[in-house]
Amino acid sequence: METLEKDLSRDDQFQARIDADVRIEPKDWMPDAYRKTLIRQISQHAHSEIVGMLPEGNWITRAPSLKRKAILLAKVQDEAGHGLYLYSAAETLGASRDQMLADLHSGKAKYSSIFNYPTLSWADMGCVGWLVDGAAILNQVPLCRTSYGPYARAMVRVCKEESFHQRQGFEIMQTLAAGAPAQREMAQEALNRWWWPTLMMFGPKDSESPNTEQSMKWRIKRFTNDELRQKFVDMMVPQAEFLGLTVPDEKAQWNEARQAYDFGEVDWDEFWSVVKGNGLCNHDRLQARVQAHEEGAWVREAALAHAAKRAAREAAAVAV
Amino acid sequence: MNQSEWPLWEVFIRSKQGLDHKHVGSLHAADATMAVQNARDVYTRRLEGVSIWVVESTHIHASNPDEAAEFFDPAADKVYRHPTFYTVPDSIKHM
């Protein structure tokens, strides 16, 4: 084995470790492209968690009961936590927190487009939990086995917490769907708006996703976008039926031969348009983040100054 | 990049009495007190811990993974350090 390894180039040795399902850790040698891909993916993922707090934050003060409010607060706090786990994983690759935030604020870094859609009614809190977090879980569960150790460990933590998010969303939908006609209508209307954007969360079609092949080879990704999208539809159509709701896609029909649901084509023009910044809320989301960052600057500076002053005082006391 | 980034801290959590503190991740904080408080909020929202250690990341010194083979190699050929190396007669009990 040893002599064999010496004969291989560093890239080949790296790939051999990946193929043997050996996890890569921060100080291990890795190809630059692997590092860059991970920094991009993990920081985007972190940004999505942070920006993802905004559409739900919108409803905290208007939650219909104290119970719902407490749950929503806990969920939004989890999302902040998830963002922090992920930023910390990206930092093990040499990315700086300030640089990642600067890239988010300048628009250079992306986050999941789903958060550029508005949350117009309380039923949207149901759909965000049930559908959006449901899609996120499908993406994230395989990432618990991704090849980069710190990312995989962060995802284990995230996945443990995420399933409460989905269940509370489903419970909101269940309550509305079993409620008065106006509530049922509200639930259906929210499903109509969220269904297609949620399918877009899995990313472009495999045929138009140039990075997928390399990411699969490096075992960063374990399933392709289309595979996950199909799984999602197969899971969700029966759940919608259980709720007595209908997914807004006439083509969503069980295909006995394929043992899977057929479904219609996603509006890819809309997808790319939102990615490029033209969604309903792109501007607001980014502005809210930048504003929070700028208005918090004095707090960050003051905390550092306070720490420095205290450290100096302690040093002086020791000297005496 | 700029001086306003808070230092990075590594976080270790004891999940229950009797177990070791285990590394769980890292976070930024201005000082140790804030690091412990932030660690509570980031890493123990669901009773994952009964004790927290934080260490400024710059204070961690690590072995070099590129030299891991040579570094850990001396232990590889010393099978006699393991009890299974020795044969104990069947009639001998409690060993």
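- As recorded in an unreviewed UniProt entry, chain B goes by the name 1,2-phenylacetyl-CoA epoxidase subunit B, listed as coming from Hymenobacter nivis.

- Looking at an unreviewed UniProt entry, chain A carries the name 1,2-phenylacetyl-CoA epoxidase subunit A, with the source organism given as Hymenobacter nivis.

1. Overview of the environment of A:S96
Point 1. Of note, A:S96 is situated in the loop between α5 (66-91) and α6 (97-106).
Point 2. Within the local environment of A:S96, its side chain forms a polar contact with the backbone nitrogen of A:Q99, the two atoms lying 3.0 Å apart.

2. Some points on the interface of chain A and chain B
Point 1. Opposite the 24 residues of chain A that make contact, chain B presents 24 residues.
Point 2. Across the interface of chain A and chain B, roughly 2,000 Å² is buried in total on both sides, 50% from carbon and sulfur atoms.
Point 3. If you sort the residues of chain A by the area they bury against chain B, A:D98, A:R157 and A:L304 come out on top, with a joint share of 25%.
Point 4. Counting across the chain A and chain B interface gives 5 salt bridges.
Point 5. Of the charged contacts, one joins A:D78 and B:R45 as a salt bridge, the two residues approaching to 2.7 Å between their closest N and O atoms.
Point 6. Inspection of the chain A/chain B interface yields 12 residue pairs in polar contact (both at pLDDT 80 or more).
Point 7. Those elements that provide at least two residues to the side of chain A that touches chain B are α5, α6, α8 (149-177) and α14 (297-319) of chain A.

3. Focus on the pattern of salt bridges
Where charged atoms of side chains with opposite charge meet at close range, the side chains can pair.
Point 1. Here the structure, examined in full by the defined rule, presents 23 salt bridges over all chains.
Point 2. In this structure, A:R222 and A:D21 form a salt bridge, with 3.1 Å as the shortest nitrogen-oxygen distance. Highlighted residues: A:R222 in the loop between α10 (212-217) and α11 (225-243) and A:D21 in the loop between α2 (10-19) and α3 (32-51), separated in sequence by 201 residues.
Point 3. A residue is classified by how much of its surface remains accessible, and A:D21, at 39% relative accessible area, is partly exposed.
Point 4. For B:R40, the salt bridge is made with B:D41, and the minimal N-O distance between the two is 3.1 Å.
Point 5. Linked by salt bridges that have partners in common, A:E56, A:K75, A:E79 and A:D133 make up one network.

4. Quick word on the domain arrangement of chain A
All names here are of chain A.
Point 1. Partitioning chain A into domains gives domain 1 (10-268) and domain 2 (280-319).
Point 2. Each of domain 1 and domain 2 has a C-alpha centre, and these two points are 30 Å apart.
Point 3. Contacts between domain 1 and domain 2 engage 13 residues on the former and 9 residues on the latter.
Point 4. For the pair domain 1 and domain 2, the summed buried surface comes to about 1,000 Å²; carbon and sulfur atoms form 67% of the total.
Point 5. By the criterion of area lost to domain 2, the three top residues of domain 1 are L54, H105 and N116, representing 51% of everything that side buries.
Point 6. At the boundary of domain 1 and domain 2, one finds 0 salt bridges.
Point 7. Across the domain 1-domain 2 interface, the total number found is 3 residue pairs in polar contact (both at pLDDT 80 or more).
Point 8. Counting residues per element, the ones that place at least two in the side of domain 1 that touches domain 2 are α3, α4 (53-60) and α6.
Point 9. It is α6 that provides the largest number of residues to the side of domain 1 that touches domain 2, a total of 3 residues.
Point 10. Looking at the side of domain 1 that touches domain 2, its residues break down into 10 nonpolar, 3 polar and no charged.

5. Quick word on the nonpolar core
Residue and element names in this part refer to chain A.
Point 1. Ranked by internal contacts, the top residues of the largest apolar core, which has 94 residues, are Y34 and W195.
Point 2. At 11 residues, the largest contribution of residues to this core is made by helix α7 (residues 123-143).
Point 3. For W195, the residues in contact, after removing those within four places along its chain, are L131, F232, V233, M236, V237, V247, P248 and D249.

6. As for unusual backbone geometry
All names here are of chain B.
Point 1. At L47, a residue that is not glycine, the phi angle is positive and equals roughly 60°.
Point 2. Mapping L47 onto the fold places it in the loop between α1 (32-43) and β3 (51-56).
Point 3. Phi at H94 takes a positive value of approximately 55°, unusual for a residue other than glycine.

7. Regarding the side chain of A:E161
Point 1. Relative to the helices and strands, A:E161 resides in helix α8.
Point 2. Here B:R45 takes part through its side chain, which lies 2.8 Å from a polar atom of the side chain of A:E161.
Point 3. Setting aside chain neighbours within four positions, we find A:E161 in contact with A:D78, A:H82, A:Y85, B:R45, B:R46 and B:E48.

8. What to know about the packing of α5(A) against α6(A)
Residues and elements named next belong to chain A.
Point 1. Running from amino to carboxyl end, α5 crosses α6 at an angle of 115°, the nearest separation of the two axes being 10 Å. Relative to α6, the crossing made by α5 is right-handed. Each of L84, Y87, S88, A90 and E91 in α5 lies in contact with α6, whose residues at this interface are R97, M100, L101 and L104.
Point 2. Of the residues belonging to the contact of α5 with α6, the class tally is 6 nonpolar, 1 polar and 2 charged.

What counts, and at which threshold
Residues numbered from 1 in each chain as written. Chains lettered and ligands numbered in written order. Predicted model: local features only at pLDDT ≥ 70, side-chain atom pairs only at ≥ 80, totals over all residues. Heavy atoms only, no water. Helix = DSSP H or I, 4+ residues; strand = E, 2+ residues; numbered from the N terminus. Polar contact = N/O pair within 3.5 Å; in protein donor to acceptor, adjacent residues only side chain to side chain. Contact = heavy atoms within 4.5 Å. Buried area = accessible area lost by both parts, 1.4 Å probe. Salt bridge = Lys/Arg side-chain N within 4 Å of Asp/Glu carboxyl O. Buried < 20%, exposed > 50% of the residue type's maximum accessible area, 1.4 Å probe, protein only. Domains from an automatic or database assignment. Nonpolar A, V, L, I, M, F, W, Y, C, P; charged D, E, K, R; others polar. Core = buried A, V, L, I, M, F, W, Y, C linked by side-chain atoms within 4.5 Å. Axes fitted to C-alpha atoms, helices over the stretch in contact; angles between N-to-C directions. Left-handed = near helix turned anticlockwise from the far one by under 90°.

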